[in-house]
Amino acid sequence: MRFKIMGLLLAVVLLGAACGGDDDNGGGGGGDDESSANTGTVSVFNAMEPEEGEALQGIIEELINADAEYQATIETSGDFEAQAKIRIEGGNPPDVMMYPQPGAVIELARSGDAVSLEDLGMDVGAMEAQFGEYFMSLGEFEGEHYGVPTNINLKSMVWYPKAAFDEAGYTVPTTWDELLALSDQILADGSTPWCVGFESDTATGWPATDWMEDIMLRTAGADVYDQWVTHAIPFNDPAVVTAAETFGDVMFADGYVLGGADQTVAINFGDAPGPMFDDPPKCWLHRQASFINAFFPEGTESGVDYDWFPLPPIDQEGTLFAGELSVIFRDAPEVKEFVEAFAGEELQCAQGGITATSRISPNIDVGPDCYANSILADASAVLTDALANDTGRFDASDMMPSAVGAGSFWTGMVKYMQNGPDSLQGVLDEIEASWPAE
């Protein structure tokens, strides 16, 4: 989900290394003799579901723990962000934490709690070749890197009920105009083109920000998208207005959205694709990330009952993704060894082969043959191409200040859906006004 962006401390780290230090918690920059000793364990904390963590632990047992001079243990939490903060502030962070928000990684670098990859002696140049310079740059602060990409998921996906779609004679669109033409065709056939739901409890609105981000990337291009994320252009810039209006072309078109745009904020994002599986379908197209098929009705089969196609380009090519950056809190040989092995081709390939993890690798050396099904394999191919060609961009709201990315951006999209096209300028002006002062 929102997963939705953080110098003096480098000097402190270097000073601690030079003086030997007496910090006994093993975290926060490392470097002294005690923190560099092999403790025989590596603790790893993340936001996975318990079932995913258990499956991943099994892979780690086989490919890492069986031969290592340490034992790595995965711990999962549905309250990851709050628990991570508590552990860091308490001076007892785990050795590795897997963050879905790049902004949090920068905050950890700025505070001096994380250890840089350079200080650990990792080959950052080789990692940039493996994961792409853009993904690696998301964990960069003052010339050093603090995050290793260890997971990625594709957001630029449009799902459809394949059997009914094929029977109706519909064709998968490859351009935005073709997508709108398909929507018109479905409407003319007496049905509703789009299944949409933006409700998500206290995070209501985040799926709408994903729509905006996908369209912004395709209308303004990657460079302007980067400027938007960093506030080099204001949130009410003409480029953002164009993206929001294009979003509105789908949401507010008469009959395009099941229930109407104003009702999308009351439909849970996990329930939204359900009517697509009715007989006949009540709606036919659903834009959502690679994880959404976990919410599809039990017994539905990939490639038979449903399939997907990439959200088509508009004026520009682009691929929207999210993922995680693994951050290291203890400078020790076993921690470095674990992260390198975890991000390496063998383990990354193995985790893709288990449906229970459904994790896609950001390592471009991990090919489609590693994955348990065609959905993951095809998504990995799109992502690998985007990382290699620098056309992929991380979820914008996860990189913006939380007051915006997990606040006014979410609520602004809700207002836009509820109040219609005429509310757009006021919505964007309010989001712009909410951006924190430097």
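Scope of this entry: the structure provided in the associated data block. (Residues numbered from 1 in each chain as written. Predicted model: local features only at pLDDT ≥ 70, side-chain atom pairs only at ≥ 80, totals over all residues. Heavy atoms only, no water.)

Across its full length, the chain carries 17 helices and twelve strands. For 438 residues, the compact-globule estimate of 2.2 N^0.38 gives 22 Å, and the C-alpha radius of gyration of the chain, at 22 Å, lies within 12% of that figure. With the C-alpha coordinates aligned to their principal axes, the bounding extent of the chain is approximately 75 × 45 × 35 Å. Residues classed as buried in the chain amount to 54% of the 438 residues present. Looking at the chain as shown, the accessible area adds up to about 17200 Å², and 49% of this sits on carbon and sulfur atoms. Side chains of the chain carry 15 positive and 75 negative charges; the gap between the two charge centres is 4 Å. (Helix = DSSP H or I, 4+ residues; strand = E, 2+ residues; numbered from the N terminus. Rg over C-alpha atoms; globule rule 2.2 N^0.38 Å. Buried < 20%, exposed > 50% of the residue type's maximum accessible area, 1.4 Å probe, protein only. Areas by Shrake-Rupley, 256 points an atom, 1.4 Å probe, with all protein chains shown as cover. Lys, Arg positive; Asp, Glu negative; His and termini not counted. Charge placed at Lys NZ, Arg CZ, Asp CG, Glu CD.)

Another aspect to go through is the side chain of Q288. Mapping Q288 onto the fold places it in the loop between strand 9 (283-287) and strand 10 (307-310). Judged by relative accessible area, which is 2%, Q288 ranks as buried.

Between its first and last C-alpha, helix 3 (residues 50-65) extends only 20 Å over 16 residues, short of the 22 Å set by a 1.5 Å rise per residue. If you check which residues of helix 3 are buried, you get E52, G53, A55, L56, Q57, I59, I60, I64 and N65. (Expected span 1.5 Å × (residues − 1).)

Structurally, the position occupied by F338 is in helix 13 (residues 333-343). You can call F338 buried: its relative accessible area is 1%. Here the alpha-carbon distance between F338 and V327, two residues eleven residues apart in the chain, equals 12 Å.

Turning our attention to the nonpolar core. Ranked by internal contacts, the top residues of the largest apolar core, which has 104 residues, are Y99, W194, W228, F235, F247, M251 and L285. In this structure W228 touches E213, M216, I233, F235, V240, A396, M400, F409 and W435, once residues within four positions along its chain are discounted. I64, A68, M122 and V339 belong to the second largest nonpolar core, which has 30 residues in total. (Core = buried A, V, L, I, M, F, W, Y, C linked by side-chain atoms within 4.5 Å. Contact = heavy atoms within 4.5 Å.)

With that settled, consider the packing of aromatic side chains. This model, assessed by the stated rule, comprises 28 aromatic pairs. The interplanar angle of 65 degrees and the centroid separation of 5.4 Å between the aromatic rings of F269 and F295 together place this pair among those described as edge-to-face. Here F295 lies in the loop between strand 9 and strand 10 and F269 lies in the loop between helix 12 (238-251) and strand 9, a separation of 26 residues in the sequence. Classification of F295 as partly exposed rests on a relative accessible area of 41%. These aromatic residues form a ring-pair network of at least three members: W194, F198, W211, F247, F252 and Y416. Positioned over the ring face of F45 is R87, at 4.2 Å from the centre of the ring. Its end group placed over the ring of Y134, R393 keeps NZ or CZ at 4.2 Å from the ring centre. (Phe/Tyr/Trp six-rings, centres within 6.5 Å; stacked < 30°, edge-to-face > 60°. Lys NZ or Arg CZ within 6 Å of the ring centre and 35° of its normal.)

Under the criterion given, the structure shown has two disulfides. Between the sulfur of C195 and that of C283 lies a disulfide, 2.0 Å long from S to S. Note on the C195 and C283 pair: the S-S dihedral is about 110 degrees, so by sign convention the disulfide is right-handed. Here the residue C195 occupies a position in the loop between strand 8 (192-194) and helix 10 (206-220), and C283 occupies one in strand 9, the gap between them amounting to 88 residues. (Disulfide = S-S within 2.5 Å.)

Mapped onto the elements of the fold, D210 is located in helix 10. Residue D210 is classed as buried on the basis of its relative accessible area, which comes to 0%.

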